[in-house]
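# Descriptive structure summary
Listed below are the residues making up each chain.
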Amino acid sequence: MKYLVTGAAGFIGFYVSRKLCELGHDVTGLDNLNDYYDPRLKHARLEQLEPYDNFRFVKMDLADREGIADLFKTNQFQRVIHLGAQAGVRYSLENPMAYIDSNLVGMGTILEGCRHNGVEHLVYASSSSVYGMNSKMPYSTQDAVDHPVSLYAATKKSNELMAHSYSHLYNIPTTGLRFFTVNGPWGRPDMAAWKFTKAIMEGTPINVFNNGELQRDFTDIEDILEGIIRIQDVIPAGVQDFRNDDPSRSSAPYRVYNIGNNQPVKLMDFIKAIESACGKEAIKNYLPMQAGDVYATYAEVDDLIKEVNFKPVTSIEETMKRFSEWYKLWCY
Ligand SMILES: NC(=O)c1ccc[n+]([C@@H]2O[C@H](COP(=O)([O-])OP(=O)(O)OC[C@H]3O[C@@H](n4cnc5c(N)ncnc54)[C@H](O)[C@@H]3O)[C@@H](O)[C@H]2O)c1
């Protein structure tokens, strides 16, 4: 099958591209290779994809309306996995326009490409951050998510709304995936797993926000990958007699799922897992809560189990062990 994977040089996009190539599909990977974090890591991921004859890389910006339209027209992709975006909660306070361009305009160009070229399924990345001020735990896709606490979260919620309008108007099957903090080898340098591992290995202090009183539902990259690969085969159909009481589905071919571990980890236990993986204790610098952050994330995954027959299983200890081994190999 012919796939477009956006954000192919990114953490999750790289895994998805590699897996689709291994499965024998024809994969076009798109990325603008921006320098939000060290582009050498993006190039190193792309080098891992070079051996696959069925992979082709296109350097392009998602906001390039004509370029994206041409790419769709020329290639007639059957499926699109849209993972390219300006990621990161905190950076959205510093550089909001990057989120408007990549996440809003970028989603628009992808939806237009799908609309005009008969794409059979668009799977796109949303985020656990859409739950914002929600206090009901675990976070359910059946809950309303109307109180984002960062622009990043607002763009991700907007992506779901944009997808719904295209599913409704043009009958394009779309599935949004709310990922819960993803960790693993080839991960992102702006995320805590990387920053803490680096600092512990180098003997420098780590910043522990809200004095350690935070919880995250950390998800292993291999579980995220398995979820994406399964879900892209589950093409949503509209619900008959839909009564508008469940935000995760619709009369249109539209679906939203959580992919999280369903097992929140306390920040201090997360740090212990990294200390144990590195064989060294962290120097901790306790700080107050950061703007834009949420206290806890916890994914309800009942729909994932029921409809996709899948649930993430990997423990944070196992993830951080694999991550630290990879980090020693690649970053030292
Ligand atoms: N990693 C997580 O914990 C996590 C959690 C929730 C949601 N997500 C979402 O999952 C997706 C993938 O995240 P990731 O962790 O792989 O991030 P990433 O930053 O490693 O990958 C995103 C890729 O998109 C590319 N990109 C950004 N703007 C672009 C543009 N305008 N044009 C073309 N390419 C562009 C970047 O260069 C990057 O390689 C993103 O949509 C992110 O918001 C990630």
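Above this text is the structure in question.
The sections below set out a description of the structure shown in this document. (Residues numbered from 1 in each chain as written. Predicted model: local features only at pLDDT ≥ 70, side-chain atom pairs only at ≥ 80, totals over all residues. Heavy atoms only, no water.)

## Brief notes about the overall build of the protein
Across its full length, the protein carries 11 helices and 13 strands. On C-alpha atoms alone, the protein measures out to a radius of gyration of 19 Å, which is about the 20 Å that the 2.2 N^0.38 rule sets for 332 residues. By its C-alpha atoms, the protein is 55 × 45 × 40 Å across when sized along the principal axes. Counting every position in the protein, which comprises 332 residues, the buried fraction comes to 55%. Restricting the contact set of the protein to residue pairs at least 6 apart, pairs at least 24 apart contribute 81%. (Helix = DSSP H or I, 4+ residues; strand = E, 2+ residues; numbered from the N terminus. Rg over C-alpha atoms; globule rule 2.2 N^0.38 Å. Buried < 20%, exposed > 50% of the residue type's maximum accessible area, 1.4 Å probe, protein only. Contact = heavy atoms within 4.5 Å.)

## With respect to helix H1 (residues 11–22)
The end-to-end C-alpha separation of H1 is 17 Å, in line with the 16 Å expected for 12 residues at 1.5 Å each. Burial runs high along H1: 9 of the 12 residues are buried. For H1, the full list of buried residues reads Phe11, Ile12, Gly13, Phe14, Tyr15, Val16, Ser17, Leu20 and Cys21. A positive backbone phi angle near 90° is found at Gly24, which sits one or two residues after H1. (Expected span 1.5 Å × (residues − 1).)

## Concerning the pairing of strand S1 (residues 2–6)
Buried residues dominate S1, accounting for 4 of its 5 residues. Pairing analysis gives 5 bridges linking S1 to strand S2 (residues 26–31), with the strands arranged parallel. Residue Tyr3 lies in a different strand from S2, and its bridge partner there is Val27. Each parallel crossover has a hand, and for S1 linked through H1 to S2 it is right-handed. Here S1 pairs with strand S4 (residues 79–82) via 4 bridges, running parallel. Opposite Val5, over in S4, you have Ile81 as the bridge partner. (Pairing = 2+ DSSP bridges. Right-handed = clockwise from strand over helix to strand, strands pointing away.)

## As for the site of the ligand
Taken together, 29 residues surround the ligand, and among them Asp31, Tyr37, Tyr152, Lys156 and Val182 come closest. Within the side chain of Asp61, one N or O atom sits 3.0 Å away from a nitrogen atom of the ligand. A distance of 2.8 Å separates an oxygen atom of the ligand from a polar atom in the side chain of Arg188. Compared with its free state, where it exposes 820 Å², the ligand has 97% of that area covered by protein. Sorting the residues of the shell around the ligand by element identifies H1, strand S5 (121–127) and helix H6 (151–170) as the ones contributing at least two each. Among the elements that make up the shell around the ligand, the one with the highest residue count is S5 (3 residues). Among the residues forming the shell around the ligand, the class breakdown is 15 nonpolar, 9 polar and 5 charged. (Near = heavy atom within 4 Å. Polar contact = N/O pair within 3.5 Å; in protein donor to acceptor, adjacent residues only side chain to side chain. Areas by Shrake-Rupley, 256 points an atom, 1.4 Å probe, with all protein chains shown as cover. Nonpolar A, V, L, I, M, F, W, Y, C, P; charged D, E, K, R; others polar.)

## Quick look at the packing of H1 against helix H2 (residues 39–49)
The N-to-C vectors of H1 and H2 enclose an angle of 5°; their axes lie 10 Å apart at closest approach. As judged from the angle between their axes, H1 and H2 are roughly parallel. Judged by residue contacts, Phe11, Phe14, Ser17 and Arg18 of H1 engage Arg45, Gln48 and Leu49 from H2. Looking at the contact of H1 with H2 residue by residue, the classes come out as 3 nonpolar, 2 polar and 2 charged. (Axes fitted to C-alpha atoms, helices over the stretch in contact; angles between N-to-C directions. Parallel < 35°, antiparallel > 145°, perpendicular 65-115°, else oblique.)

## A short note on the nonpolar core
The biggest cluster of nonpolar side chains holds 70 residues, and the ones touching the most others in it are Ile12, Val16, Phe179, Phe270 and Met320. With near-sequence residues (within four places) excluded, Phe270 lies in contact with Asn183, Ala192, Ala193, Phe196, Phe218, Val265, Ile316 and Met320. (Core = buried A, V, L, I, M, F, W, Y, C linked by side-chain atoms within 4.5 Å.)

## What to know about the packing of aromatic side chains
All told, the structure shown has 21 aromatic pairs when counted by the stated rule. For the pair Trp186 and Trp330, a centre-to-centre distance of 4.5 Å together with 55° between the ring planes defines the contact as tilted. With Trp186 in the loop between strand S7 (182–183) and helix H7 (192–202) and Trp330 in helix H11 (residues 316–331), this pair connects stretches of sequence that are 144 residues apart. Note on Trp330: relative accessible area 41%, which makes it partly exposed. (Phe/Tyr/Trp six-rings, centres within 6.5 Å; stacked < 30°, edge-to-face > 60°.)

## Examining the layout of surface pockets
Rolled over the atoms, a probe with the dimensions of a water molecule shows which regions are left empty. As a volume, the second largest pocket reaches approximately 200 Å³. The biggest single contributor to the lining of the second largest pocket is H6, with 4 residues. Class assignment of the residues belonging to the lining of the second largest pocket gives a composition of 4 nonpolar, 3 polar and 6 charged. (1 Å grid on protein atoms, 1.4 Å probe; cavity = no way out; pocket = protein on both sides within 12 Å on 5 of 7 lines; lining within 4 Å. Points joined across faces, edges and corners; volume = space filled by probe spheres on them.)

## Looking at the pattern of salt bridges
Tallied over the entire structure, the rule returns 21 salt bridges. Note that Arg115 is salt-bridged to Glu112, the shortest N-O span being 3.1 Å. Of this pair, Arg115 and Glu112 both sit in helix H5 (residues 96–117), 3 residues apart, which is roughly one turn of the helix. Judged by its relative accessible area of 27%, Glu112 is partly exposed. Across the salt bridge formed by Arg322 and Asp220, the nearest N and O atoms sit 2.9 Å from each other. You can see Arg322 sitting in helix H11 and its partner Asp220 sitting in strand S10 (residues 219–220), a full 102 residues away along the chain. (Salt bridge = Lys/Arg side-chain N within 4 Å of Asp/Glu carboxyl O.)

## Thoughts on the sheet that holds S1
In spatial order, the strands read S3-S2-S1-S4-S5-S6-S11; together these 7 strands make up an open sheet with parallel pairing. Looking at which strands have only one partner, the edges of the open sheet turn out to be strand S3 (55–59) and strand S11 (254–259). On average, adjacent strands in this sheet sit at an angle of 20° to one another, irrespective of strand direction. Of the strands in this sheet, S1, S2, S3, S4 and strand S6 (174–179) touch H1, which is tilted by about 165° from S1.

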